[in-house]
Amino acid sequence: MTTSPIYHRRRSCRLCESTQIDCVFEFEPSALAEWYYPPERADEAADVFPMDLFLCRSCGHVQLLDVIDPVRLFSCYQYTSASSPGLEAHFERYAKQVVEKLSLPAGSLVLDVGSNDGTLLRQFAGHGMRVVGIDPATDLARTATTAGIPTLNAFMDAPTARRVVEEYGPVKVCTANNVFAHNDALGNMAAAIGSLLADNGVFVFEVSYLLDTVQGLVFDFVYHEHLCYHSVKPMDAFLRRHGMHLVDVERVPSKGGSIRGFAQKIGGPRPVSPRVAELIAVEEAAGLYDPSTYKAFRSRVDGLRDQTVHFLNQARATGATIAGYGASATVTTLMHHFKMGKLIDFLVDDNPLRHGTVSPGYRVPVYHPDTLYSKRPEIVIILAWRFAPTIMQNHARFQQEGGTFVVPVPSFQKSQRRLAA
Ligand SMILES: [Zn+2]
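Being a predicted model, the structure only gives us computed values, none of them experimental.

**Student:** Break down the overall build of the protein chain for me, citing the residues and quoting the values.
**Tutor:** Within the protein chain one finds 15 helices and 19 strands. Computed over the C-alpha atoms, the radius of gyration of the protein chain is 22 Å, within 12% of the 22 Å expected from 2.2 N^0.38 for a compact globule of 421 residues. Its C-alpha atoms give the protein chain principal-axis dimensions of about 70 × 45 × 45 Å. Within the protein chain, counting contacts between residues at least 6 apart in sequence, those at least 24 apart form 67% of the total.

In structure tokens:
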């Protein structure tokens, strides 16, 4: 394990600053999840860092305390919204829903925090809204501005908030998608957002939902970029400390289960939907603030790990070649937590940006999916398990030619040969 200065461990809860925080799920130390590099740069992605989940005894927030320096962490990002299939359609529905739900008159000012290439704001502009983006990535901010979406190249903090209000006026809708899970200084960000909202303004955020993570066994969504695992009760208390409160919250299917929250300034005009209290009751009934829930979660994951590794070791002993399907951030966590990187000969992925790279930490080479038919591995373990049905459908030929698919999560499954399509 490295003691490199690029990371530090927090001592207090990211939402309420309490130091009464307990480790509830020790992960195996993991390499940085998105650092798929060409082989000649693989050394840069070799280090592993601790990655444990903590539960705050005071407010119930679940979080990582091991923080990688964000400048280093996000330096490798090649990701843009428009290059991500499905995201554009998601944002189209998102903008339409927000405009209708909040009855936004044309000309209202919409601000997106972490606006990337402006894909979401372009949808709001299409509804006649004035738009402005904020993104710390210089290239993205410049490209978006050139393409007609004015974008400030900055982090969302107090000076940026002042600048927005001075240049554009108070904000009617401030959106933030996933940035609310990826930022260590969440308090500063929330205070800045509260300060730029109009008195009848609404803060809309989307984050993956802890309840879905636990119930869907989506433990591989835990990686260093993803610092917060939000639930409704701690989030509402946090927003109240920063002068806002939830008025509604909806469950949405993105990223294995997310919530879309709507907050206003305390004293704002909108009534609180009964859904807020209802979801908090569901969270309490599911034991989301109780350490024993994570103990049970951990033992389910351990069971799957033991089955998977046992199977792969046996297959190896017979001389089988084993490929993995998927080369994403979740795959990095899964391979490290199951300690199975050395049992996998190569990975394939549909994303062309990943071809010719090696995986973080274990340095497993990543190829085009056609490689399944040239290298002919006996076994393909579907590491991108949430997409297993689609992958098996797209590669029915692999099974028809005698290959075996293995799906490790949410229950260990092995395909029968010539499974019905
Ligand atoms: Zn807390």
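**Student:** Outline the domain arrangement of the protein chain, supporting the account with residue identities and numerical values.
**Tutor:** By convention, interface size is frequently given as the accessible area that disappears when the constituent parts associate. In terms of domains, the protein chain is made up of domain 1 (7-66), domain 2 (81-291) and domain 3 (307-414). Each of domain 1 and domain 3 has a C-alpha centre, and these two points are 25 Å apart. In this assembly, 16 residues from domain 1 lie in contact with 16 residues from domain 3. When the residues that make up the side of domain 1 that touches domain 3 are grouped by side-chain class, the tally is 13 nonpolar, one polar and two charged.

**Student:** So, unusual backbone geometry: which residues are in play, and what are the values?
**Tutor:** Following Val 409, the chain continues to Pro 410 via a peptide bond in cis, the omega torsion being 0 degrees. Position of Pro 410 relative to the elements: it lies in the loop between strand E18 (404-407) and strand E19 (413-414). Backbone geometry places Glu 17, a non-glycine residue, at a positive phi of 70 degrees. When you line up the elements, Glu 17 lands in the loop between strand E1 (7-9) and strand E2 (21-26). Residue Glu 17 is classed as partly exposed on the basis of its C-beta count, with 13 C-beta atoms lying within 10 Å.

**Student:** So what's going on with the sheet that holds strand E14 (residues 322-325)? Residues and values would help.
**Tutor:** Sheets are built from strands that pair by backbone hydrogen bonding, the pairs being arranged parallel or antiparallel. Spatially, E16-E15-E14-E17-E18-E19 is the arrangement adopted by the six strands of the open sheet, whose pairing is mixed. In this open sheet, the two strands that pair with only one neighbour each are strand E16 (366-367) and E19. Sheet topology note: the strand E17 (residues 379-382)/E18 ladder contains three bridges and is parallel. Its bridge partner being in E18, Val 380 is matched across the sheet by Phe 405.

**Student:** Can you lay out helix H3 (residues 119-126) for me, pointing to particular residues and giving the numbers?
**Tutor:** Because each turn of an α-helix spans 3.6 residues, side chains separated by three or four positions end up pointing in the same direction. When you tally the buried positions in H3, you get six out of eight residues, the bulk of the element. For H3, the full list of buried residues reads Thr 119, Leu 120, Leu 121, Arg 122, Gln 123 and Phe 124. Tucked inside the fold, the buried residues of H3 contact helix H2 (87-101), strand E6 (109-113), strand E7 (130-134) and strand E9 (171-177). Positive backbone phi, at 85 degrees, marks Gly 128, one or two positions downstream of H3.

**Student:** An account of the packing of helix H9 (residues 232-241) against helix H10 (residues 274-285) is needed here, citing residue identities and associated values.
**Tutor:** Between H9 and H10, the shortest axis-to-axis distance is 8 Å and the interhelical angle comes to 130 degrees. Judged by the angle between their axes, H9 and H10 are oblique. Touching Val 232, Lys 233 and Asp 236 of H9 are Val 276, Leu 279, Ile 280 and Glu 283, all from H10. In terms of residue class, the contact of H9 with H10 is built from four nonpolar, no polar and three charged.

**Student:** I'd like to hear about the pairing of strand E10 (residues 197-208), residue by residue, with values.
**Tutor:** Buried residues dominate E10, accounting for nine of its twelve residues. Across six bridges, the pairing between E9 and E10 is parallel. By the bridge assignment, Cys 174 is partnered in E10 with Phe 203. Where E10 and strand E13 (residues 258-265) come together, six bridges link them in antiparallel fashion. Each residue of the ladder has a partner; that of Ser 208, found in E13, is Ser 258.

**Student:** A description of the pairing of E18 should follow, citing residues and the corresponding values.
**Tutor:** Where burial is concerned, the two faces of E18 agree: the one with Thr 404 and Val 406 and the one with Phe 405 and Val 407 are both buried. Here two bridges tie E18 to E19, and the two strands are oriented antiparallel to one another. From the neighbouring strand, Val 407 faces E19, where its bridge partner is Gln 413. Connecting the antiparallel pair E18 and E19 is a turn made up of five residues.

**Student:** Describe in detail H2, supporting the description with residues and values.
**Tutor:** Under the 1.5 Å per step criterion, the end-to-end length of H2 is 21 Å for 15 residues, consistent within 8% with the ideal 21 Å. Residues of H2 that are buried: Phe 91, Tyr 94, Ala 95, Val 98 and Val 99. In an axial view of H2, the angular spread of the buried residues amounts to 120 degrees, which keeps them on one side of the axis. For H2, the exposed residues set more than 90 degrees away from the buried face come down to Ala 89, Arg 93 and Glu 100. On its buried face, H2 is in contact with H3, E9 and E10. A positive phi of about 45 degrees marks Ser 103, the residue just after H2.

**Student:** An account of the environment of Thr 151 is requested, with residue identities and associated values reported.
**Tutor:** For Thr 151, the location among the structural elements is in strand E8 (residues 151-152). Thr 151 sits 36 residues away from Ser 115 along the chain, and the two C-alpha atoms are 7.8 Å apart. Filtering out sequence-adjacent residues up to four positions away, Thr 151 remains in contact with Ser 115, Gly 118, Gly 133, Ile 134, Asp 135, Ala 141, Ala 144 and Thr 145.

**Student:** Help me get a handle on the environment of Glu 283, residues and values and all.
**Tutor:** Relative to the assigned elements, Glu 283 resides in helix H10. Classification of Glu 283 as buried rests on a count of 20 C-beta atoms within 10 Å. Sequence spacing of Glu 283 and Val 232 is 51 residues, and the spatial spacing of their C-alpha atoms is 8.0 Å. Apart from residues no more than four positions distant in its own chain, Glu 283 is found in contact with Leu 211, Ser 231, Val 232, Lys 233 and Leu 288.

Rules used in this analysis
- Residues numbered from 1 in each chain as written.
- Predicted model: local features only at pLDDT ≥ 70, side-chain atom pairs only at ≥ 80, totals over all residues.
- Helix = DSSP H or I, 4+ residues; strand = E, 2+ residues; numbered from the N terminus.
- Rg over C-alpha atoms; globule rule 2.2 N^0.38 Å.
- Contact = placed C-beta atoms within 7 Å.
- Domains from an automatic or database assignment.
- Nonpolar A, V, L, I, M, F, W, Y, C, P; charged D, E, K, R; others polar.
- Buried ≥ 20, exposed ≤ 12 C-beta atoms within 10 Å, placed from the backbone.
- Pairing = 2+ DSSP bridges.
- Axes fitted to C-alpha atoms, helices over the stretch in contact; angles between N-to-C directions.
- Parallel < 35°, antiparallel > 145°, perpendicular 65-115°, else oblique.
- Expected span 1.5 Å × (residues − 1).
- Arc of directions from axis to C-beta.

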